[in-house]
2 protein chains.
Amino acid sequence: MLQTNTNVSYQAPGHGGLCNVRDVLDRIGDRWSVLVIATLGDGPLRYSELRRRIGTVSQRMLTLTLRNLERDGLVRRTVTPETPPRVDYALTEVGSTLHERLAPLIEWAEENHPHIAASRERFDSALKRSS
Amino acid sequence: MLQTNTNVSYQAPGHGGLCNVRDVLDRIGDRWSVLVIATLGDGPLRYSELRRRIGTVSQRMLTLTLRNLERDGLVRRTVTPETPPRVDYALTEVGSTLHERLAPLIEWAEENHPHIAASRERFDSALKRSS
DNA sequence: CTGAATCCCACCCGATACTG
DNA sequence: CAGTATCGGGTGGGATTCAG
C-alpha cells in the first residue's frame, strides 16, 4: 500500500485535519468551482469568455462562484475601466497550486468515464434482475 | 504554462469531455465520497469502523455514499455471513487510481487551509469597511 | 452490526428581470 | 459587458424509526 501515510491526521478525534479538509472541500465541492479553476488554468479570461467556455453555467452561478474563489484567494479579479467594462479573472499563485492538483483528477475523470458508466449499467441491471 | 494540454477537450461545444467530467465530478463532488475514498485509502474497513473514522457522517449518508461508489465500481462490498453480520469495504483497482489522484488534493487542502481562512477574513472585513 | 424507509427543511442553483 | 435582485423548484442530507 503506497498511500498509507497520506492521511495520518484523519484519526484525530474531533479536531484538526479532517475538519479543515471538509472546509476546503466544501468550497470546491460545489457545482462549478472545479470547472472554473480548470478553465482558468489555461490563462486569464474575461467574464464573458469564461462563461462561453463553460457553456452551461448561469450568469448568477458564475458570478457567485467567482466571488467565493476570490474570497478564498484562489482567483484574482481585475477591473479595467472602459466602456463597455472589462473584467479579467486569473488564478492566483495559490490557485495555480490547486489547479496542479486538480488537473490529474480531471484527466482521471475523462479517462475513466466509460468504465464508470459501464459499471453503473451493470449494477442497475443486476438490481433489476433481483427485484 | 505547464497545464495547457490537460483540458484540450473543454472547448468541444456541447458534447464530449466537459460533460463527462461533470458526470464524474457530480459523483465525487458530494459531501462524503472524497472522505470515504480517502479513508479507505489506508486499507479495507468494516462499516462501523469507517463510520467511526469519518466521525460526523450520518448512518444514512454513509450507506448511500457507499452504494453509489459501489455502483460506480470504485468500492467493493464484501459480506461475511456471521452473527452479528460483518461487511467490509475496500477500494477497487479503479478506486485506488482515483485515490492516488485525490491524495495530493487532500494534502493541499490541509496545507492551505490557514491561507484560505485568512483570505476569507481579509475579504469579509474589507467588505464591511466598504458598506 | 448493518442497513432500509420515511419525514422534512435548508439551501443550492436555475430562470427571469433589472442596472451602470 | 458585467453584473445585482428576487422568486421558486428540486434535492441533499440530517434525525428518527424500523428490520434482518
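Residues numbered from 1 in each chain as written. Chains lettered and ligands numbered in written order. Predicted model: local features only at pLDDT ≥ 70, side-chain atom pairs only at ≥ 80, totals over all residues. Heavy atoms only, no water.

## Things to note about the sheet that holds strand 2 (residues 75–80) of chain A
Residues and elements named next belong to chain A. Spatial ordering of the open sheet is given by 1-3-2, a layout of three strands whose pairing is antiparallel. Sheet topology places strand 1 (45–46) and strand 2 at the edges, where each strand pairs with a single neighbour. Bridge analysis of strand 2 against strand 3 (residues 86–91) gives six bridges, and the strand direction is antiparallel. Residue pairing in the sheet places Thr80 in a bridge with Arg86 of strand 3. Helix-sheet contacts for helix 2 (residues 33–40) involve strand 1, strand 2 and strand 3, and the interaxial angle to strand 3 is about 95 degrees. (Pairing = 2+ DSSP bridges. Helix = DSSP H or I, 4+ residues; strand = E, 2+ residues; numbered from the N terminus. Contact = heavy atoms within 4.5 Å. Axes fitted to C-alpha atoms, helices over the stretch in contact; angles between N-to-C directions.)

## A short note on the packing of aromatic side chains
Two aromatic rings, taken as a pair, are described by how far apart their centres are and by the angle between their planes. Applying the stated rule across the entire model yields zero aromatic pairs over all chains. Seen from the ring of Trp32 of chain B, Arg22 of chain A lies directly overhead, with NZ or CZ sitting 4.6 Å from the centre. (Phe/Tyr/Trp six-rings, centres within 6.5 Å; stacked < 30°, edge-to-face > 60°. Lys NZ or Arg CZ within 6 Å of the ring centre and 35° of its normal.)

## Re the nonpolar core
Within the largest apolar cluster, 63 residues are counted, with the highest numbers of intra-cluster contacts made by Leu40, Leu98 and Trp108 of chain A together with Leu40, Leu98 and Trp108 of chain B. Apart from the residues within four sequence positions on either side, Leu98 of chain A is in contact with Ile28, Ile37 and Leu74 of chain A together with Leu105 and Trp108 of chain B. (Core = buried A, V, L, I, M, F, W, Y, C linked by side-chain atoms within 4.5 Å. Buried < 20%, exposed > 50% of the residue type's maximum accessible area, 1.4 Å probe, protein only.)

## Thoughts on the interface of chain A and chain B
On the chain B side, the residues contacting the 60 residues of chain A number 59 residues. Carbon and sulfur atoms make up 59% of the surface buried where chain A meets chain B, a total of about 5,700 Å² over both sides. For chain A, the biggest contributors to the area lost against chain B are Arg71, Trp108 and Arg120 of chain A; these three give 13% of the whole. Applying the counting criterion to the chain A and chain B interface returns six salt bridges. In this structure, Arg120 of chain A engages Asp72 of chain B in a salt bridge whose closest nitrogen and oxygen atoms are separated by 2.7 Å. The tally of links between chain A and chain B comes to 12 residue pairs in polar contact (both at pLDDT 80 or more). Taken together, the elements giving at least two residues each to the side of chain A that touches chain B come down to helix 1 (17–28), helix 2, helix 3 (47–54), helix 4 (59–71) and helix 5 (93–129) of chain A. (Buried area = accessible area lost by both parts, 1.4 Å probe. Salt bridge = Lys/Arg side-chain N within 4 Å of Asp/Glu carboxyl O. Polar contact = N/O pair within 3.5 Å; in protein donor to acceptor, adjacent residues only side chain to side chain.)

## Comments concerning the protein's contact with DNA strand C
Taken together, 20 residues sit near DNA strand C, with Arg60 and Met61 of chain A together with Ser48, Arg77 and Tyr89 of chain B positioned nearest. With respect to DNA strand C, the side chain of Trp32 of chain A contributes an N or O atom lying 3.5 Å from a phosphate oxygen. Measuring from a phosphate oxygen of DNA strand C, one finds a backbone N or O atom of Ser48 of chain B at 2.8 Å. Of all the secondary-structure elements, those providing two or more residues to the surface near DNA strand C are helix 4 of chain A together with helix 3 (47–54), helix 4 (59–71) and strand 3 (86–91) of chain B. Here the surface near DNA strand C is composed, by residue class, of eight nonpolar, five polar and seven charged. (Near = heavy atom within 4 Å. Nonpolar A, V, L, I, M, F, W, Y, C, P; charged D, E, K, R; others polar.)

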